[in-house]
Amino acid sequence: MKFEKFWSCFQDTPLKGRNAILRGICPQIFGLFTVKLSVALTLIGGVQHIAATGTKVRGESHLLLVGDPGTGKSQFLKFAAKLSNRSVITTGLGSTSAGLTVTAVKDGGEWMLEAGALVLADGGLCCIDEFDSMREHDRATIHEAMEQQTISIAKAGLVTTLSTRTIVFGATNPKGQYDPEQPLSVNTTLSGPLLSRFDIVLVLLDTKNPEWDAVVSSHILAEGEQDNSRSGEDLSSVWPLDMLRRYIHFVKGHFRPVLTKEAERVISSYYQLQRRSASQNAARTTVRMLESLIRLAQAHARLMFRNEVTRLDAITAILCIESSMTTSAIVDTAGNALHSNFSENPDEEYAKQEKLILEKL
């Protein structure tokens, strides 16, 4: 198996192997490491957990990108839709609540139901661009679809429930100038209940940074020259699209990761720490955040091609959620997701971050 051979090359430096995979996500965009990692984790998703009583805890993660114009949000939406084996792309302005959920249509005296975007994307991915320009009551229909993963309808004498096990992937602009002092719900004009349903909310701010601009412009200009020189077989550099798609499909079907004791301890202590210090992000630090942490850690274990969630996965999940907090409780250096680049030797850098986080916990 090609993937097993790939991972055996990177036994000593697993994070380097992970970054080789992540480089294949949206290769035309330079850097943005945090976003690429989040996209990968969201697409892979955790394991659905069904309790003894029959209530389900969803296994799908949701991702929201909030960012200034020109930070590549729609590019990520389009690319994620290509990676998923089933996807629907809509924009906020053109979506009504009927178009997202279900329409009742009269056909020759009979009432029929026609499936909308969220129902069609069942078991796949639903991308919603311009999330903020949706009307308020249309946005409310997403609530149930995101958490309970069903849509209940009572229209025109038809009362049913449809399942929507989708990953919701939203992109939105901040309202006016993004103000770091204010909480997320003020900046995005999205309600608290909706924000708490997103596992990761990434803020991409276009700060003027001359060094970064120089690197990015040279990367974009180099893209045009090297189109013809790529070789498709070498997996250690950049993975091609179909390879990535096969990999994601494979790890989703093959691994069902279980939490180790170490990972459980890290996750629960981080959750308690956030609850204690959550004055700003009250909307985000709910029990849902604990579930998100577990899901992201499981997704990372799958991405790393194994069946148990170790401390590494728990800490990566924490780093992902940290970058989505406006005021972070632990990592002061989380900073702006836009300027996160791929590091040369990620394993050493990770060791530093792990030490930092474990000290705080």
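Residues numbered from 1 in each chain as written. Predicted model: local features only at pLDDT ≥ 70, side-chain atom pairs only at ≥ 80, totals over all residues. Heavy atoms only, no water.

**Some words on the overall build of the protein chain**
No. 1: Scanning the protein chain for helices and strands turns up 15 helices and 13 strands.
No. 2: The buried share of the protein chain, reckoned over its 361 residues, is 48%.
No. 3: For the protein chain, restricting intrachain contacts to residue pairs at least 6 apart in sequence, the fraction spanning at least 24 positions comes to 75%.
No. 4: Accessible surface, the protein chain as shown: approximately 16,700 Å² in total, 53% of it carbon and sulfur. (Helix = DSSP H or I, 4+ residues; strand = E, 2+ residues; numbered from the N terminus. Buried < 20%, exposed > 50% of the residue type's maximum accessible area, 1.4 Å probe, protein only. Contact = heavy atoms within 4.5 Å. Areas by Shrake-Rupley, 256 points an atom, 1.4 Å probe, with all protein chains shown as cover.)

**A word on the nonpolar core**
No. 1: In this structure, Val39, Phe169 and Tyr247 are the most contacted members of the largest nonpolar core, which totals 67 residues.
No. 2: The greatest single-element share of this core, amounting to eight residues, is contributed by helix 3 (residues 33-44).
No. 3: Contact partners of Phe169, with chain neighbours within four places excluded, come to Val39, Leu63, Leu65, Phe76, Leu77, Ala80, Leu125, Cys126, Cys127 and Ile128.
No. 4: Residues Leu100, Val102, Ile128 and Met134 belong to the second largest nonpolar core, which totals 28 residues. (Core = buried A, V, L, I, M, F, W, Y, C linked by side-chain atoms within 4.5 Å.)

**Looking at the side chain of Asp199**
No. 1: Structurally, Asp199 can be placed in the loop between helix 9 (192-197) and strand 11 (200-204).
No. 2: Only 3.4 Å separates the side chain of Asp199 from the side chain of Arg58, close enough to count as a polar contact. (Polar contact = N/O pair within 3.5 Å; in protein donor to acceptor, adjacent residues only side chain to side chain.)

**So, the packing of helix 4 (residues 73-83) against helix 11 (residues 241-254)**
In helix packing, the relevant descriptors are the interaxial angle and the interaxial distance, both defined with respect to the helix axes.
No. 1: Orientation of helix 4 relative to helix 11, taken along the N-to-C sense of each, is 65 degrees, at an axis distance of 9 Å. Counting all contacts with helix 4, which are made through Phe79, Lys82 and Leu83, the residues of helix 11 involved are Leu241, Leu244, Arg245 and Ile248.
No. 2: Residues belonging to the contact of helix 4 with helix 11 are distributed by class as follows: five nonpolar, no polar and two charged. (Axes fitted to C-alpha atoms, helices over the stretch in contact; angles between N-to-C directions. Nonpolar A, V, L, I, M, F, W, Y, C, P; charged D, E, K, R; others polar.)

**As for the pattern of salt bridges**
No. 1: For the structure shown, the criterion picks out four salt bridges.
No. 2: Measuring nitrogen to oxygen at the nearest pair gives 2.9 Å for the salt bridge that ties Asp199 to Arg295. Here Arg295 lies in helix 13 (residues 287-303) and Asp199 lies in the loop between helix 9 and strand 11, a separation of 96 residues in the sequence. Considered together, Asp199 and Arg295 belong to a single accessibility category, that of buried residues.
No. 3: Salt bridges here are not isolated pairs; linked through shared partners, they connect Arg58, Asp199 and Arg295. (Salt bridge = Lys/Arg side-chain N within 4 Å of Asp/Glu carboxyl O.)

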